[in-house]
Amino acid sequence: QAVKKERIYYYEQHKVIDTMLDDLHQGLSKPQKALSPKYFYDQTGSQLFDQITELPEYYPTRTEIAILKQHASEFVDLLGKDSILLELGSGSSLKIRILLEALKPKIYVPMDISKEHLIASAQQLAEDYPWLEVHANRVDYSQSWEIPDFGPGRYNAFFPGSSIGNFDPEDACKLLSQVAKLVGNNGGLLIGVDMKKDSQILEQAYNDSAGVTAQFNLNVLNHLKQRLNVKVEPENFQHKAIYNPELGRIEMHLISQQDQTITVDDQSYTLKKGETIHTESSYKYSVDDFHQLVARAGFKPEKVWVDDDQLFSIHYLKV
Ligand code: AVJ
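Residues numbered from 1 in each chain as written. Predicted model: local features only at pLDDT ≥ 70, side-chain atom pairs only at ≥ 80, totals over all residues.

## As for the UniProt feature "domain: Histidine-specific methyltransferase SAM-dependent" (unreviewed entry) in the protein chain
The UniProt record marks residues 22-318 with the feature "domain: Histidine-specific methyltransferase SAM-dependent" (unreviewed entry), using the residue numbering of this structure. Helix makes up 37% of residues 22-318 and strand 27%, with an end-to-end C-alpha separation of 37 Å. (UniProt positions renumbered as here; feature names shortened; annotations may be inferred. Helix = DSSP H or I, 4+ residues; strand = E, 2+ residues; numbered from the N terminus.)

Written out as structure tokens, the structure reads:
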């Protein structure tokens, strides 16, 4: 059921279950200890991520924005005016503004896990664009989710930032299949995808010289401590990001600097010196790699834009 407030609607179509404690136990029980990157984004983590996007070494955000600005009029031709525009993981992104201003859709449907983020950005957008209706949906992609039907029309989804890279290919495929169902026949998806490239450029982007990415990675431990009964010393860990060429992904790890234990309620997990917790994967795709993935999800490639340095791609896919 929707709560309405001056061109702003808010929906929670499924129960968002908090699985943080279960996820933590599961992740620390694995031979390669792991945490989901979704736990980076508490308030501090979201602020640190915003700082990352402005680092000289972190090329994806500025490159994607440049491509979006450069080709805005082409998006209008392809996506059509008057479409219903959905956005996955909307956050407080500026990127959507480029599309909204070009397409002038009647309906914008941001989807995000964070209620506060959703409402704050819905309010700002409804204020800035008096012609726009904002239908904010709280969605957790890791659970089975749905959103209301907005009636007949041309549905297009926007999924920027190479956030798709956080999912293992199998999960990425499942998520994209769900998006294909969501936009339906004649629907489309405009998606930003970071590309394979020289591993030095990649590793620098995730090991910046100012140490912001290190803070971002280590902050996941503070987030756990704040939300759960966890005993862990973030000072005993060090950040590292490495490119794994076999799997085509950047891996972020927290390296244990000594033998130590992490305690969750009354359960202890031991870490040897040098052992790591895998906190994030960020998959990189050539245009061909990505075309193969989306075909399995039921999408047909319609057009792709790449910057001159071949750092970042934006794909328009059709169902
Ligand atoms: C938000 C998942 C696209 O993988 O580049 C940035 C997150 N992690 N620096 C990425 C991130 C470390 C980012 N994504």
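## Describing the sheet that holds strand E13 (residues 267-271)
Spatially, E9-E12-E13 is the arrangement adopted by the 3 strands of the open sheet, whose pairing is antiparallel. In this open sheet, the two edge strands, each paired with only one partner strand, are strand E9 (230-231) and E13. Pairing between E9 and strand E12 (residues 260-264): 2 bridges, direction antiparallel. Note that in E12 the partner of valine 230 across the bridge is valine 264. Where helix H1 (residues 20-29) meets the sheet, it contacts E12 and E13, and its direction lies at approximately 155° from that of E12. (Pairing = 2+ DSSP bridges. Contact = placed C-beta atoms within 7 Å. Axes fitted to C-alpha atoms, helices over the stretch in contact; angles between N-to-C directions.)

## Regarding the site of the ligand
Lining the immediate environment of the ligand, one finds Ile52, Pro60, Gly161, Ser162, Ser163, Gly165, Asn166, Tyr206, Thr213, Glu280 and Ser282. Looking at the shell around the ligand residue by residue, the class counts come to 3 nonpolar, 7 polar and 1 charged. (Near = placed C-beta within 6 Å. Nonpolar A, V, L, I, M, F, W, Y, C, P; charged D, E, K, R; others polar.)

## As for unusual backbone geometry
A positive phi angle, close to 75°, is found at asparagine 186, a residue other than glycine. The topology assignment puts asparagine 186 in the loop between helix H7 (169-183) and strand E8 (188-194). Its 13 C-beta neighbours within 10 Å are what place asparagine 186 among the partly exposed residues. Located in the positive-phi region is aspartate 265, a residue other than glycine, with phi close to 50°. Tracing the backbone shows aspartate 265 in the loop between E12 and E13. The exposure class assigned to aspartate 265 is exposed, which follows from the 12 C-beta atoms found within 10 Å. (Buried ≥ 20, exposed ≤ 12 C-beta atoms within 10 Å, placed from the backbone.)

## Here we look at the nonpolar core
Nonpolar side chains in soluble globular proteins generally cluster together in the buried interior. Of all hydrophobic cores here, the largest spans 44 residues; its most connected members are Leu86, Ala157, Phe158, Leu189 and Leu190. Non-local contacts of leucine 86, meaning those with residues more than four positions away in its chain, are made with Val109, Met111, Tyr155, Ala157, Phe158 and Leu182. In terms of nonpolar packing, the next biggest core, distinct from the first, is built from 18 residues, Tyr41, Ile52, Leu221 and Val232 among them. (Core = buried A, V, L, I, M, F, W, Y, C linked by C-beta atoms within 7 Å.)

## Here we look at the packing of helix H4 (residues 72-79) against helix H5 (residues 95-103)
With their axes 9 Å apart at the nearest point, H4 and H5 run at an angle of 60° to one another. With respect to each other, H4 and H5 are oriented oblique. With respect to the hand of their crossing, H4 and H5 are arranged in right-handed fashion. Listed contacts from H5 to Ala72, Ser73, Phe75, Val76 and Leu79 of H4 are Ile98, Leu99, Ala102 and Leu103. Class assignment for the residues of the contact of H4 with H5 results in 8 nonpolar, 1 polar and no charged. (Parallel < 35°, antiparallel > 145°, perpendicular 65-115°, else oblique. Left-handed = near helix turned anticlockwise from the far one by under 90°.)

## A few points about the sheet that holds strand E10 (residues 237-244)
Whenever strands of a sheet pair, they do so through backbone hydrogen bonds, lying parallel or antiparallel. Read from one edge of the open sheet, 4 strands run E3-E14-E11-E10, paired in mixed fashion. Two strands close off the open sheet at either side, each with one partner strand: strand E3 (33-34) and E10. Of the strand pairs in this sheet, strand E11 (residues 249-256) and strand E14 (residues 276-283) are connected by 7 bridges, and their pairing is antiparallel. Following the sheet pairing, leucine 254 is matched in E14 by isoleucine 277. Each of E10 and E11 touches helix H8 (residues 199-206); the most contacted strand, E10, lies at about 155° to it.

## Structural notes on the pairing of E8
Counting buried residues along E8, 7 of its 7 residues qualify, which places the element largely inside the surrounding structure. Along E8, one buried face is formed by Gly188, Leu190, Gly192 and Asp194 and the opposite face, lined by Leu189, Ile191 and Val193, is buried too. Bridge analysis of strand E7 (residues 155-159) against E8 gives 4 bridges, and the strand direction is parallel. Paired with phenylalanine 159 across the two strands is isoleucine 191, which belongs to E8. In terms of handedness, the path from E7 via H7 over to E8 forms a crossover that is right-handed. Of the pairings in the sheet, the one linking E8 to strand E16 (residues 312-318) comprises 7 bridges and is antiparallel in character. Across the sheet, isoleucine 191 pairs through a bridge with histidine 315, a residue of E16. (Right-handed = clockwise from strand over helix to strand, strands pointing away.)

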